[in-house]
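Coordinate analysis (summary)
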Amino acid sequence: MPFSVWWQAYLTPPASAVKFAIKATLAMALALYIALWCDLDRPYWALISAAFLQIRPMSGMVLEKGISQITGTVVGCLAGIAIMSLFVQSPTPALICLTAWIILCAYAASVTRNNASFGCIMAAVTAMLIVVITASAPTGLFAVAVARLSELALGAICATLVSALLWPIQVRDHLAGLADQVVNQAFLHGALRLDNSADIAALQATLTASLQPLTQLETDSQAARYEGPEGIGRLRASHVLTVRTARLLAILHALQQLLRSHGGELPSSTKRLIEDMASDLRRSAEGSGVAQARQRLQALRHRALQCMAADSDEGIAPAPDQALDQASDQTPGQTTARCGRSASGPITSDPAPTRTTESPEALLQRRIHLGLREALGHALVILDAREAIHTPGKRRLKAPALAFHRDHLEAALNGLRAGLVFALLAIVWRYTAWDNGQIAMLVGTLFSAFFATRDNPAAVAATFLKGMLAAVPSALLFGHVLLAQANDFVTLALVFMPPLFLGLLGAANPRLMGYCLAFTIGNILLTMPGNGMDFSIDGFLGRAIALLLGLSTVVMAFRLAPGLPTTIRKHRLVSATVNDLHGLHRRSFHEAESRFGGTMADRLLRLAQHDDSLPEERRYLFSLGLVGLDLGYASLNLRRRLGGRSDALDLALDDLAAALADDYGASARGHAPDRAREYGNQLLQTLERQADDGAEYRLMAGLIERLTMSLERQADRSRQARQAAPAVGVAGRQRTPDRQGAKAPGVDR
């Protein structure tokens, strides 16, 4: 860690960091004072509770986390009481049952998100404390359960009060900032796509910069419901923003593929429209004001509709508008017969009644115009969603709750690892009768589940271990040598709180949070402030050894059992996408759309992270995710347009959706698609027999051709990336001899 980071955190801290440290320190001081006044058994639990809740000090976030913490504590108390009631005279079976409960809670924490995950962890920790503390004194079971619940609830209440009364930070401001990042980066990415940019680093950077705040926005928006009636509006707008951004990214990826392959065949009017769209997207991202951005995009959309009207004059019919079904400010388009010029009059089209043969250039032109129109429609809805997050009263958008990606195998491994850590420490405690073994089990249980869902958990655990080591001399000086002289609460606070304040001040910096948060918690656990404190050196050393032993066991567990290998995780992400593509027709349309959009946004970010770890010539995973997203929304659009007309057509749609899913899985392995075109032709034949709409037929033919071409290109990229794998040396950037001079597959990302 560079020294400049520490210098900035402590010598030139930002005002927000100072306010955060003051608020968290006051919350802990208040919790400690009330706990001492009420003579609670372990007041330090109230401090730890307040500290954890203040990590993200937005008022709604603190309230939501407090509710999750108390709920998890209640569930943990009930579980601990149930275990002890069954095995009150049998410590070993009780520990075995407790290990199973910890595995279950760690598994649940891995398949849930944010504060719900924290609640699952608290359920495991609370049950562990009750079982371990009452193992030698079963008669005090209910007293221990009530004490743990009181201490944790006290910390949550104090943190909530301080967060709401002192320099309150609203979730709405946090969500508004995230929404701005998502929209600006997505528009910059769109400009690069439409410019047909070959700058892979810039494409990857803008994609990641849009997806990271998008996934955080979707998770954090749940806390907005606790900030008044407008919070529900922000929550729904966040759902809309997530779905529409994912769809926009998929369409832009498909458009760049078409432009890269056939961009030179487009007429000059279409090229000008694409150039202007790229320029206006960039201006909308870099400029200020939603109204100006909407005006520019609406003008572009009118031009796209004019181009489609010109296609209609040539026998190329436009599709009905589907992109702005949730927009609240649709303006009727004005058009002329020529593409790219403005005039008055409604857009009209007279699609050809027969299926005339069209040139490839005409099919390409129609597909480009449809893609541009749909992308602009999504961009306008994205602007509406951003405005609804800022001011929910002006725009009301409706959207169902989104799902997110769950890997149950990885969650099961996380649970087993947490259970193994606890079992090892419990064996040491059981057969050595070590009083401080409870601290080791507490730390092992808490952090083995807490770190499991983090990226690179072994490094995070090692960072916490270093912070705990730094806390040992601090706790010895402030918590024992100096604190032994205190005779009232004021003196206690003046001696004990400064190290906590310094730790929290550094924790406001994300790069230092692991070290500084561990330093803060370590000071609390090593000192254990209370009415009957033990200032003996041997007691302090015993707690220090237990603390370091518990965290060292966690680090060892993450290093020896790091979880699923990267290759398997990538394979499971792709397999999950294939399964979702197969299951789209089994759910209602809105349920399928919300579930698919949420899970794919999550998977896209994970695939992008995997791609970042690969050399440039082996990167194909993010492109693969975008293709899967495109296929899913294409299947949903086909179902929306053609579904319900007849049983034969519904069966043909299901067959095509299954073929697209199978070919997607094949393209991930580098195999050419062999089913999509066949079942696409069957759908077209069924449509031809049941309808006499030349425009509908040509539209479906163009869509199927685009999807098939996208699968073929992805199969080629996957195959080239896999072939490059054996030739990658230490530097990770060498190419195989037969690919020298060929175009890098990453260009089409």
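Residues numbered from 1 in each chain as written. Predicted model: local features only at pLDDT ≥ 70, side-chain atom pairs only at ≥ 80, totals over all residues. Heavy atoms only, no water.

1. What to know about unusual backbone geometry
Leave glycine aside and you will find that most residues have negative phi; peptide bonds, for their part, are mostly trans. Of note, D39 is a non-glycine position whose phi angle comes to about 55 degrees, a positive value. On the secondary structure map, D39 appears in the loop between α2 (15-37) and α3 (44-53). Overall, the relative accessible area of 54% leaves D39 in the exposed class. Unusually for a residue other than glycine, A433 sits at a positive phi of about 50 degrees. With respect to the element layout, A433 can be found in the loop between α14 (408-432) and α15 (437-450). (Helix = DSSP H or I, 4+ residues; strand = E, 2+ residues; numbered from the N terminus. Buried < 20%, exposed > 50% of the residue type's maximum accessible area, 1.4 Å probe, protein only.)

2. Some words on the side chain of T577
With respect to the helices, strands and loops of the structure, T577 is situated in helix α20 (residues 566-583). For T577, a relative accessible area of 1% translates into the label buried. Setting aside residues no more than four positions away along its own chain, T577 makes contact with M600, R603, G628 and Y664. (Contact = heavy atoms within 4.5 Å.)

3. Some remarks on the nonpolar core
F187, L194, L241, L297, I368 and Y664 are the most contacted members of the largest nonpolar core, which has 109 residues in total. In terms of residues, this core owes the most to one element, helix α13 (residues 360-390), which gives 14 residues. If we ignore the near neighbours within four places in the chain, the residues touching I368 are L255, L258, L259, L266, T270 and I274. Listed in part, the 107 residues of the second largest apolar core include A24, V162, A449 and V495. (Core = buried A, V, L, I, M, F, W, Y, C linked by side-chain atoms within 4.5 Å.)

4. Observations concerning the confidence of the model for the chain
Confidence in the prediction for the chain averages 81 pLDDT; 86% of positions are at 70 or higher. A low-confidence stretch, residues 315-338 stays under pLDDT 50, and its non-local contacts, those more than four residues away or across chains, total 80 contacts. Throughout residues 340-356 the model reports pLDDT below 50, and contacts reaching past four residues in sequence, or to other chains, amount to 44 contacts. (pLDDT = per-residue confidence, 0-100.)

5. Considerations on a nonpolar patch on the surface
A surface patch of nonpolar side chains, about 480 Å² in accessible area, is lined by L476, L477, V481, L482, I537 and L541. At the level of secondary structure, the elements contributing two or more residues to the nonpolar patch comprise α16 (457-482) and α19 (537-560). Broken down by element, the nonpolar patch gets its largest block of residues, four residues, from α16. Take L541: it is sitting in helix α19. (Patch = residues over 30% accessible without salt bridge, like charges linked within 9 Å, V, L, I, M, F, W, Y side chains within 5 Å. Areas by Shrake-Rupley, 256 points an atom, 1.4 Å probe, with all protein chains shown as cover. Salt bridge = Lys/Arg side-chain N within 4 Å of Asp/Glu carboxyl O.)

6. Notes on the pattern of salt bridges
Scanning the entire structure with this criterion turns up 18 salt bridges. Among the ionic pairs, D180 bridges to R386, the shortest N-O distance being 3.7 Å. Of this pair, D180 sits in helix α8 (residues 171-194) while R386 sits in helix α13, and the two are 206 residues apart along the sequence. Residue classification places D180 among the partly exposed residues on the basis of a relative accessible area of 24%. In this structure R386 comes out as buried when scored by relative accessible area, which is 7%.

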